[in-house]
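Spelled out, the chains give:
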Amino acid sequence: MAINFNKVEFILSAASEKQFVRDGMPQLAFAGRSNVGKSSVINRLVNRKNFARVGASPGKTSQINYFKIDGKLYLVDLPGYGYAKVPQKEKERWGRLMEAYFAAPGTLTFGVMLVDARHAPTANDVVMANYFLQSGKPFVVVANKLDKLKKSEIAPNLARIREVLQLPDAIRLIPFSAEKGDGRDDLRLVLAGGIDAHIVSQLVELLLVHLAEEVGVQMAGDGVSVRESLEIAAFQQRGIFLGVVHKDVRMRRRGAHNAIIGQTFNQSEVHSVLPPVR
């Protein structure tokens, strides 16, 4: 799909789950630490100087902001996490808002996680990466502030980021400079490719629904996909009993936002926050 990233408009700011946009249009969600330069990256991506607000102090995105790009998809700017000098109750509200976004159906299509190319990812960054990984949705990691590094520092720093976040090889890590524009074209290509893959996935799901209806397969239960229902039917036809237990994703992620807004926690705690979700 050809996407004109220069054609962008602000839609709304959501302060609660009931305000989330869920109209079926793909959503690209941007997340990162408060001082990682998220607004600057978005401005560079859409080729605007001050479209997404660049605050004098970091962490001023307190709501979920929706921007429509080329009338085809939403760019979703999630609240920053980390250094923002705001009351703890406000940090907790941000955490609950982000948790609700990741858990809500019909929201996230493709994720963009921003990290600082100069430093190793923090514990909060690791938790954020786990949010994306456990969502089951594709995402890309963007290492901003590339212009602050010497050429000899780029490769080892990127390797360190991949190692700390424990990124699978399939996850792209894009070196980026919001200041100079390095990496912008690569990011645009990856995002456009992600939307194309999403459209193909939707078409496949529609075909599977049609197939299920044609062969008379009953859906296995709430939270079980059409593909899984077909697989279950195939197992049952072979006389194999397969029990399916509905797992409430929201309940399984309870407490994850506390880790995001927390200041310190060890590596084992990070990995226990979000168990694998099918």
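Residues numbered from 1 in each chain as written. Predicted model: local features only at pLDDT ≥ 70, side-chain atom pairs only at ≥ 80, totals over all residues. Heavy atoms only, no water.

### Structural notes on unusual backbone geometry
Here's step 1: For Asn47, which is not a glycine, the phi torsion comes out positive at approximately 60°.
Here's step 2: At Asp70, a position not held by glycine, the phi torsion is positive, near 55°.
Here's step 3: Structurally, Asp70 is set in the loop between β3 (64-69) and β4 (73-77). (Helix = DSSP H or I, 4+ residues; strand = E, 2+ residues; numbered from the N terminus.)

### Regarding helix α3 (residues 123-135)
Here's step 1: Taking 1.5 Å per residue as the helical rise, α3 with its 13 residues ought to reach 18 Å, and the 18 Å between its terminal C-alpha atoms agrees with that figure.
Here's step 2: Most of α3 sits inside the fold, with eleven of its 13 residues counted as buried.
Here's step 3: For α3, the complete set of buried residues consists of Asn124, Asp125, Val126, Val127, Met128, Ala129, Asn130, Tyr131, Phe132, Gln134 and Ser135.
Here's step 4: Where α3 ends, the next residue or the one after it, Gly136, has phi of about 80°, a positive value. (Expected span 1.5 Å × (residues − 1). Buried < 20%, exposed > 50% of the residue type's maximum accessible area, 1.4 Å probe, protein only.)

### What to know about the sheet that holds strand β2 (residues 27-32)
Here's step 1: The mixed open sheet is built from seven strands, whose spatial order is β1-β3-β4-β2-β5-β6-β7. The open sheet is flanked by β1 (8-14) and β7 (173-175), the only strands paired with a single partner. Between one strand axis and the next, the sheet turns by 25° as a mean value, whatever way the strands run.
Here's step 2: In this sheet, β4 lies alongside β2 in parallel orientation, the contact comprising four bridges. The residue of β4 that forms the bridge with Phe30 is Asp77.
Here's step 3: Relative to β3, helix α2 (residues 88-103) is tilted by about 45°, and along the sheet it contacts β1, β2, β3 and β4.
Here's step 4: Strands in contact with α3 are β2, β5 (110-116) and β6 (139-144); relative to β5, the strand with the most contacts, it is inclined by about 165°. (Pairing = 2+ DSSP bridges. Axes fitted to C-alpha atoms, helices over the stretch in contact; angles between N-to-C directions. Contact = heavy atoms within 4.5 Å.)

### Re the pairing of β5
A regular strand places its side chains so that they alternate between the two faces of the sheet.
Here's step 1: The element β5 is largely enclosed, with a buried count of seven among its seven residues.
Here's step 2: Burial along β5 is two-sided: the face carrying Phe110, Val112, Leu114 and Asp116 and the face carrying Gly111, Met113 and Val115 are both buried.
Here's step 3: Bridge count between β2 and β5: five bridges; the pairing is parallel. Along β5, the bridge assignment pairs Gly32 with Leu114.
Here's step 4: Strand direction decides the pairing type here: β5 and β6, joined by six bridges, are parallel. Across the sheet, Val112 pairs through a bridge with Val140, a residue of β6.
Here's step 5: Regarding the hand of the β-α-β motif, the stretch spanning β5, α3 and β6 is right-handed. (Right-handed = clockwise from strand over helix to strand, strands pointing away.)

### Side note on α2
Here's step 1: Helix length check: α2 (16 residues) gives 23 Å between terminal C-alpha atoms against 22 Å at 1.5 Å per residue, within 8%.
Here's step 2: Residues of α2 that are buried include every one of Lys91, Trp94, Gly95, Leu97, Met98, Glu99, Ala100, Tyr101, Phe102 and Ala103, and no others.

### Quick look at the packing of aromatic side chains
Here's step 1: Taken as a whole and assessed by the stated rule, the structure comprises seven aromatic pairs.
Here's step 2: Ring centres of Tyr66 and Tyr74 lie 6.1 Å apart, and the angle between their planes is 90°; on these two criteria the pair is classed as edge-to-face. Per residue, the accessibility class of Tyr66 equals that of Tyr74, and both read buried.
Here's step 3: For the ring pair Phe102 and Phe132, a centre distance of 5.2 Å and an interplane angle of 70° mean the geometry is edge-to-face. On the criterion of sequence distance, the pair formed by Phe102 in helix α2 and Phe132 in helix α3 is long-range, its members being 30 residues apart. Judged on exposure class, the residue Phe102 and its partner Phe132 are both buried. (Phe/Tyr/Trp six-rings, centres within 6.5 Å; stacked < 30°, edge-to-face > 60°.)

Purely geometric numbers; function is a separate question.
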